[in-house]
Amino acid sequence: MTMTQPLATVFGGSGFVGRYIVQALAHSGWRVRVAVRRPNEAMFTMTYGTTGQVQPVQANIRDEASTRAALMGADLVVNCVGILFPDGKQKFDAVQTEGAARIARLAAAEGVSRMVHISAIGADINSGSDYAVSKAEGEAAVLEHMPDAYILRPSIVFGPEDGFFNRFGNMAARLPVVPVVGGDTRFQPVYVDDVADAAVACAEGRATPGVYELGGPDIETFRTLMERIKRVTLRPRRVLMGVPFWLAGLQGRMLDLLPTLTFGVVPNSILTRDQVRLLRHDNVVGEDAIGFADLGIVPRDMDGILESYLWRFRPNGQYAEMLGSAKNLRHE
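Nonpolar side chains in soluble globular proteins tend to end up buried together. Residues I21, L25, V116, L152, F165 and L295 are the most contacted members of the largest nonpolar core, which totals 70 residues. Among the elements that line this core, the one with the most residues is helix α6 (residues 192-203), at nine residues. Every residue in contact with L295, bar those within four places of it in the chain, is listed here: A198, A201, C202, A207, Y212 and L214. In terms of nonpolar packing, the next biggest core, distinct from the first, is built from 26 residues, A70, V95, A104 and M146 among them.

On the secondary structure map, L76 appears in strand β4 (residues 76-79). For L76 and L7, which are 69 residues apart along the polypeptide, the C-alpha to C-alpha distance reads 6.5 Å. The residues touching L76, leaving out its near neighbours within four places in the chain, are L7, A8, T9, L25, W30, V112, R114, M115, V116 and A203.

Secondary-structure assignment places N79 in strand β4. On the accessibility criterion, N79 (1% relative accessible area) is buried. At 3.1 Å, the side chain of N79 forms a polar contact with the backbone nitrogen of V81.

What follows covers unusual backbone geometry. At L234, a position not held by glycine, the phi torsion is positive, near 60°. For F263, which is not glycine, the phi dihedral falls at a positive 55°. By secondary structure assignment, the location of F263 is in the loop between α9 (258-261) and α10 (273-278). Relative accessible area serves as the criterion here: at 80%, F263 is assigned to the exposed category.

Quick notes on the rules
Residues numbered from 1 in each chain as written. Predicted model: local features only at pLDDT ≥ 70, side-chain atom pairs only at ≥ 80, totals over all residues. Heavy atoms only, no water. Core = buried A, V, L, I, M, F, W, Y, C linked by side-chain atoms within 4.5 Å. Buried < 20%, exposed > 50% of the residue type's maximum accessible area, 1.4 Å probe, protein only. Helix = DSSP H or I, 4+ residues; strand = E, 2+ residues; numbered from the N terminus. Contact = heavy atoms within 4.5 Å. Polar contact = N/O pair within 3.5 Å; in protein donor to acceptor, adjacent residues only side chain to side chain.

Written out as C-alpha cells, the structure reads:
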C-alpha cells in the first residue's frame, strides 16, 4: 500500500453491500476508509487489503463534523447507508434523505471528484411508501450537490449475509406454514458481488454518470422465490400461506406499535405498514433503464449461489445431501 493510491471513503462499509464494495475497491488498488458509526465492529474489513490499505473510521452521517472528517482527502465517496425500517434516531428522512444530502454536500465542499450512491429500485417521490420517497429524495439531493454522481438502484440483493433469503430460509426451517404477503409481486434478485463490481466500474469512470437499475437474470414472483427457498433448504412440505394486503396492513399497523409500547427499545423489524405498501409494486428493472449491460457486467443467477449459504437451513445442514445419498445406497 502506498500513499499514491487513490483514496475512497465508503459510508456504511461494514454493512451487507458495503463490505463487498470495500473488498472490491481494495482488490482494484484503492485505499479505503470504512466510515461507520461503530468502527470497532468493522475491524474485519481490514483483512480485505494489505496492511494499512483498509481503515475503519468513526462517522455518523447524521453528524456534520464526523462526516466531513471522513471525507477529507478522498478521491471517491461511496454511500451504502440505508435502513429497511425506522429504529430510534435512524429514521428514513434522517438517513436516506438528509444523510445522503449531507454526504454529497460535504463531498463537493471537500473537492471529492466522484460519488457512487446506492439507492434502490422503486425509489419514487410519488410513492405511497416512506422508504421509497426517502430514497428518491436522497437521489435528488445527491445529484443537486454532485451532478455527475452515479446512482445504483439494485433490486433485492442476495449473498451470504443477506436479510431476505436468510430470513425466509430460517422461517422455512422453523415453521410448518410460511406466510407470504404479495405473492404475485415480481422481484429481480441481484448478486451482491455484481453490485460491488458495478460500484467499482463507476468509481473508476468506466461508465457514464447516471442512474443504473441493477437486476439479475431471473425475474420471479415472491411466491416463486419462496418455492425456490423450499427446494434449496429441502423443506418441500412447508405450506405457503398467502396473506391478503388488507390483513398484512392491519398486522403491520399493530406491529408498528412495538417501538411505542417498549419506549423505543424494540423496533418493528418484523413487518411494517410501509413494507406492505412496497410489496404492492413490482421490484424489477424498468424497460428503458440503463443497467449492467451498460457497465459491461454480466450478472450471475441464483442457481448454486443460494445453495452455498442456505444449506444451514436444511434438516441436516451441510450433511443433508450426503445423508440422502447414503439412504439411497442402503435401498439398493
